[in-house]
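# A structural walkthrough
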Amino acid sequence: QVQLVESGGGLVQPGGSLRLSCATSGNIFRVYTMGWYRQAPGKQRDLVADITSGGSTNYADSVKGRFTISRDNAKNTVYLQMDSLKPEDTAVYYCNANLQRRSFSPRTDYWGQGTQVTVSS
């Protein structure tokens, strides 16, 4: 069984910072792209940022210059440093990992349970 466990969400004032973490565990052969998505009430789930195993990153325009994604390949863990947070960043943040459980397994997307981020004064 594969699990993605997120941590680090919470309540923060506008302009503040939070750091999200997502640890992957279980029987895993290889992890490819890892990323963070978010979903606000009544809206679809959108990509925030992702990072390949080689370290190439991709960001949504709305978070460029404020958020930084990174990963520790040895720990199969991905991080999201969120600075200069705005009320419109309020959402449930989900971790995603594209991975193989065995060398002969297809690449499959797995999701975390989500962590709430609320930006409010």
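Quick summary incoming for the structure in this document. Since we're looking at a predicted model, the values are computed, not measured. (Residues numbered from 1 in each chain as written. Predicted model: local features only at pLDDT ≥ 70, side-chain atom pairs only at ≥ 80, totals over all residues. Heavy atoms only, no water.)

## Thoughts on the state of the cysteines
- Considering all chains together, one arrives at 1 disulfide under this definition.
- Covalent S-S linkage joins cysteine 22 and cysteine 95, the inter-sulfur distance amounting to 2.1 Å. Because the sign of the S-S torsion sets the handedness, a value of about -80° for the bond joining cysteine 22 and cysteine 95 places this disulfide among the left-handed ones. Placement of the pair is cysteine 22 in strand 3 (residues 18-26) and cysteine 95 in strand 9 (residues 91-100), with a sequence separation of 73 residues.
- On the accessibility criterion, cysteine 22 (0% relative accessible area) is buried. (Disulfide = S-S within 2.5 Å. Helix = DSSP H or I, 4+ residues; strand = E, 2+ residues; numbered from the N terminus. Buried < 20%, exposed > 50% of the residue type's maximum accessible area, 1.4 Å probe, protein only.)

## Focus on the nonpolar core
- Core analysis: the largest hydrophobic core is formed by 29 residues, its most contacted members being Trp36, Leu80, Met82 and Tyr93.
- Looking at which element gives the most residues to this core, the answer is strand 9, with 5 residues.
- Beyond its immediate chain neighbours, meaning those up to four positions away, methionine 82 contacts Gly16, Ser17, Leu18, Leu20, Arg66, Phe67, Tyr93 and Val117. (Core = buried A, V, L, I, M, F, W, Y, C linked by side-chain atoms within 4.5 Å. Contact = heavy atoms within 4.5 Å.)

## Here we look at the packing of aromatic side chains
- This model, assessed by the stated rule, comprises 1 aromatic pair.
- Seen from their ring centres, tyrosine 37 and tryptophan 111 are 5.0 Å apart, and the 65° between their planes marks the pair as edge-to-face. Placement of tyrosine 37 in strand 4 (residues 30-39) and of tryptophan 111 in strand 10 (residues 108-111) is noted, with a sequence separation of 74 residues between them.
- Taking the relative accessible area as the measure of exposure, tyrosine 37 reaches 21% and is therefore partly exposed. (Phe/Tyr/Trp six-rings, centres within 6.5 Å; stacked < 30°, edge-to-face > 60°.)

## Considering the layout of surface pockets
- For the largest pocket, the calculated volume is near 180 Å³.
- Taken together, Arg38, Gln39, Ala40, Lys43, Gln44, Asp46, Ser62, Arg66, Glu88, Asp89, Thr90 and Ala91 form the lining of the largest pocket.
- Classifying every residue of the lining of the largest pocket gives 2 nonpolar, 4 polar and 6 charged. (1 Å grid on protein atoms, 1.4 Å probe; cavity = no way out; pocket = protein on both sides within 12 Å on 5 of 7 lines; lining within 4 Å. Points joined across faces, edges and corners; volume = space filled by probe spheres on them. Nonpolar A, V, L, I, M, F, W, Y, C, P; charged D, E, K, R; others polar.)

## Re the environment of proline 41
- Here proline 41 is to be found in the loop between strand 4 and strand 5 (46-51).
- Residues proline 41 and lysine 64 lie 23 residues apart in sequence; the distance between their C-alpha atoms is 22 Å.

These values are about where atoms sit, not about what they do.
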